[in-house]
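# Architecture at a glance
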Amino acid sequence: MTPRVWAMVTLGALLIALAVVLVLLVPWSRPPAPRADQLAALGDLPAEQVDRARAFRVDMRPTGYGSLLVSLAVALALGLTPLGSKLVTVIGRPFGDSWIAQAVLGGLAVVLLAELVTLPFSAWRHTVLVRYGLSTQGWGGWAVDLLKAYAVTAVIGAVALLGFYAVTRLAPRWWWALGAAGAAALVVLLSFVLPVLIEPVFNKFTPMEPGPLRTELLAMAQRDGVPVRDVLVADASRRTRAVNAYVSGLGPTRRIVVYDTLLREAPDAEVVAVVAHELGHAKDRDVFVGTVVGALGAAAAVVSVYLLGAWSGLLRAAGVSSIAEPRAIALLMAVAVLAGVLSAPAQAFLSRRTEARADAHALALTGDPAAFEAMQRRLAGVNLADPDPNRFEYFYFASHPSTVERMAAARAYARGER
Ligand SMILES: [Zn+2]
């Protein structure tokens, strides 16, 4: 068999594995959240809270769509015309057209350019967040965060670019196999390393102070049978008023992180409800499943890129002779951005189902639907979330069930519907 046939067989095997993981590990059914309860919950929310959230949504909308459209347009313009390959050539020239300069400097230039064109929309978004009192950051803090994010992207990007193009040179016929394994390994590594190395770049984490709340949280985790190393508090208040909590890391790096804003805003019973939701993610190994899905997806993407490389019309449009050369970086980025835009609804759907399961876990673990519902109202109020977003945006972007769905789930739970 030729490498090409092997690649097709491998891609088929990866897609089957992905399908098996998704069928077995994603919660396809969701706990009841009747629409009648949703509408009743919407009616119970203060009208000015709903109006303010909707006004915020309206003001945020152009920044989101603008950024999406411009980044898509620029990625396609660079990748599907010779512009991107010319840019990489020009940047590699002072370095004697070396492949390393083209791969790392040229690659980062393409990525950075794609980021920079969305900068005006990020700044616009920041002004909206400040106007609504959601962001507590000045332009200085905002810029520092932005530079930190660019630095993280540059470091991870440089390693990935160097590794990938080294492999394409070492194994011109089989790079896709090594590249797929490397991409999968990188996803797993980042899942372990990001919480430990990257999160502290943006926030300070301190163990939650000893007291009744911490004791209750740790006791609940023990009752739930979820090994929790620590409950950490993030100093989110230095950039936002939004409240949140999350679980990150795998195995020994797993921890529950609570925003200091949440501790400040919410009574203990609601913090317990939030952490119970996060324990649900840990218990159902959502981070692990996400990592496996991401690793299989990354491997499949590399093999797909190799197979796409046989499409001579595409290579001609991008002004390159092979998809494996550094000058084709912009083409790869265009393919990646397009794949991201097309798969966004599927990713949002999987996320919503997983979140609904964690909500059901929180309700069962705490047995306190009243506190859960109060917590949802508070989250929506402080975070200015549209409690009942329009269908298209919900379908395309929403990573969580809507506020009224989550409130309705608590009401159905209270009636004994499971
Ligand atoms: Zn969650």
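The following paragraphs examine the structure supplied in this document. (Residues numbered from 1 in each chain as written. Predicted model: local features only at pLDDT ≥ 70, side-chain atom pairs only at ≥ 80, totals over all residues. Heavy atoms only, no water.)

### Examining the overall build of the protein chain
Definition in use: Secondary structure elements follow DSSP: runs of H or I of four or more residues count as helices, runs of E of two or more count as strands, with numbering from the N terminus. C-alpha atoms define the radius of gyration in this analysis, and the globule rule sets the expected value at 2.2 Å times the number of residues to the power 0.38. Each residue is assigned to one of three classes by its accessible area relative to the maximum for its type, calculated with a 1.4 Å probe on protein chains only: buried under 20%, partly exposed between the two thresholds, exposed over 50%. Computed by Shrake-Rupley with a 1.4 Å probe, the accessible areas treat only the displayed protein chains as cover when residues are assessed. His is not counted, nor are the chain ends, whereas Lys and Arg count as positive and Asp and Glu as negative. Lysine's charge is taken at NZ, arginine's at CZ, aspartate's at CG and glutamate's at CD.
Broken down by element type, the protein chain carries 17 helices and four strands. What you see for the protein chain is a C-alpha radius of gyration of 23 Å, in line with the 22 Å of a compact globule of 418 residues. With respect to the three principal axes, the spread of C-alpha positions in the protein chain is 65 × 45 × 40 Å. Counting all 418 residues of the protein chain, 46% fall into the buried class. Here the protein chain displays about 19,700 Å² of accessible surface, and carbon together with sulfur accounts for 69% of that area. Looking at charge distribution, the protein chain has the averaged site of its 38 positive side-chain charges lying 8 Å from that of its 31 negative ones.

### A short note on the coordination of the zinc ion
Geometry reference: four tetrahedral donors at a metal, ideal angle 109.5 degrees. Six octahedral donors, ideal angles 90 or 180 degrees. Our working definition: Water is absent from the atoms considered, so a metal site may look incomplete; donors are defined as N, O and S atoms within 2.8 Å of the metal, or 3.2 Å for Na, K and Ca.
Within the first shell, the zinc ion binds the protein through His 277 (NE2), His 281 (NE2) and Glu 355 (OE), at distances of 2.0 to 2.1 Å. Summarised as a motif, the one-chain spacing of the donors to the zinc ion is H-x3-H-x73-E. Placement of His 281 in helix α11 (residues 268–283) and of Glu 355 in helix α14 (residues 329–366) is noted, with a sequence separation of 74 residues between them. The exposure classification of His 281 matches that of Glu 355, with both residues buried.

### Focus: the sheet that holds strand β1 (residues 205–207)
Threshold: When DSSP finds at least two bridges between two strands, those strands are taken to pair. Each axis is a line fitted through C-alpha atoms, and for a helix only the stretch in contact is used; angles between axes span 0 to 180 degrees, taken between their N-to-C directions. In what follows, residue pairs with any heavy atoms lying within 4.5 Å of each other are defined as contacts.
Read across the sheet, four strands follow the order β1-β2-β4-β3 without closing on themselves; strand pairing throughout is mixed. Each end of this open sheet is capped by a strand with a single partner; those strands are β1 and β3 (245–248). For this sheet, the mean angle separating the axes of adjacent strands, direction not counted, is 30 degrees. Inspection of the sheet shows β3 paired to strand β4 (residues 255–259) by four bridges, in the antiparallel sense. Following the sheet pairing, Ala 245 is matched in β4 by Val 258. Strands in contact with helix α8 (residues 175–202) are β1, β3 and β4; relative to β3, the strand with the most contacts, it is inclined by about 140 degrees. Relative to the sheet, α11 contacts β3 and β4, its axis offset from that of β3 by approximately 20 degrees.

### Some details on helix α4 (residues 83–92)
To keep it simple, the criterion reads: It is the directions from the helix axis to the C-beta atoms that the arc portrays.
Every buried residue of α4 is listed here: Gly 84, Ser 85, Val 88, Thr 89 and Gly 92. One side of α4 holds all its buried residues, which, seen down the axis, span an arc of 140 degrees. Of the exposed residues in α4, the ones pointing more than 90 degrees away from its buried face are Leu 83, Lys 86 and Val 90.

### Thoughts on the environment of Asp 145
With respect to the element layout, Asp 145 can be found in helix α7 (residues 139–170). On the basis of relative accessible area, Asp 145 is assigned to the buried category, the value being 15%. When the C-alpha atoms of Asp 145 and Arg 239 are compared, they prove to be 9.5 Å apart, with 94 residues separating the residues in sequence. Once residues within four sequence positions are removed from consideration, Asp 145 is found in contact with Gln 137, Phe 202 and Arg 239.

### A short note on the packing of helix α5 (residues 99–116) against α7
The test is simple: Working definition: roughly parallel below 35 degrees, roughly antiparallel above 145 degrees, roughly perpendicular at 65 to 115 degrees, and oblique for all remaining angles. Handedness of a crossing follows from how the near helix is turned relative to the far one, being left-handed for an anticlockwise turn of less than a right angle and right-handed for a clockwise one. Here the nonpolar group is Ala, Val, Leu, Ile, Met, Phe, Trp, Tyr, Cys and Pro; Asp, Glu, Lys and Arg are the charged ones; every other residue, Gly included, is treated as polar.
It is at 9 Å that the axes of α5 and α7 come closest, and there the two elements cross at 140 degrees. By the angle between their axes, α5 is oblique relative to α7. In this structure, the crossing between α5 and α7 has a hand that is right-handed. Across the interface between the two elements, Trp 99, Ile 100, Ala 103, Val 104, Gly 107, Leu 108, Val 111, Leu 112, Glu 115 and Leu 116 from α5 touch Tyr 150, Thr 153, Ala 154, Gly 157, Ala 158, Leu 161, Leu 162, Tyr 165, Ala 166 and Arg 169 from α7. A per-class count over the contact of α5 with α7 returns 15 nonpolar, three polar and two charged.

### Some points on the packing of aromatic side chains
Quick note on the threshold: Two aromatic rings, drawn from Phe, Tyr or Trp (for Trp, its six-membered ring), form a pair once their centres lie within 6.5 Å of each other, and the interplanar angle then sorts them: stacked below 30 degrees, edge-to-face above 60, tilted otherwise.
Enumeration according to the criterion identifies 12 aromatic pairs in this entry. Consider the rings of Trp 176 and Tyr 306, whose centres lie 5.7 Å apart with planes at 35 degrees: the pair is tilted. Of this pair, Trp 176 sits in helix α8 while Tyr 306 sits in helix α12 (residues 286–308), and the two are 130 residues apart along the sequence. Taken as a pair, Trp 176 and Tyr 306 share a single burial class, namely buried.

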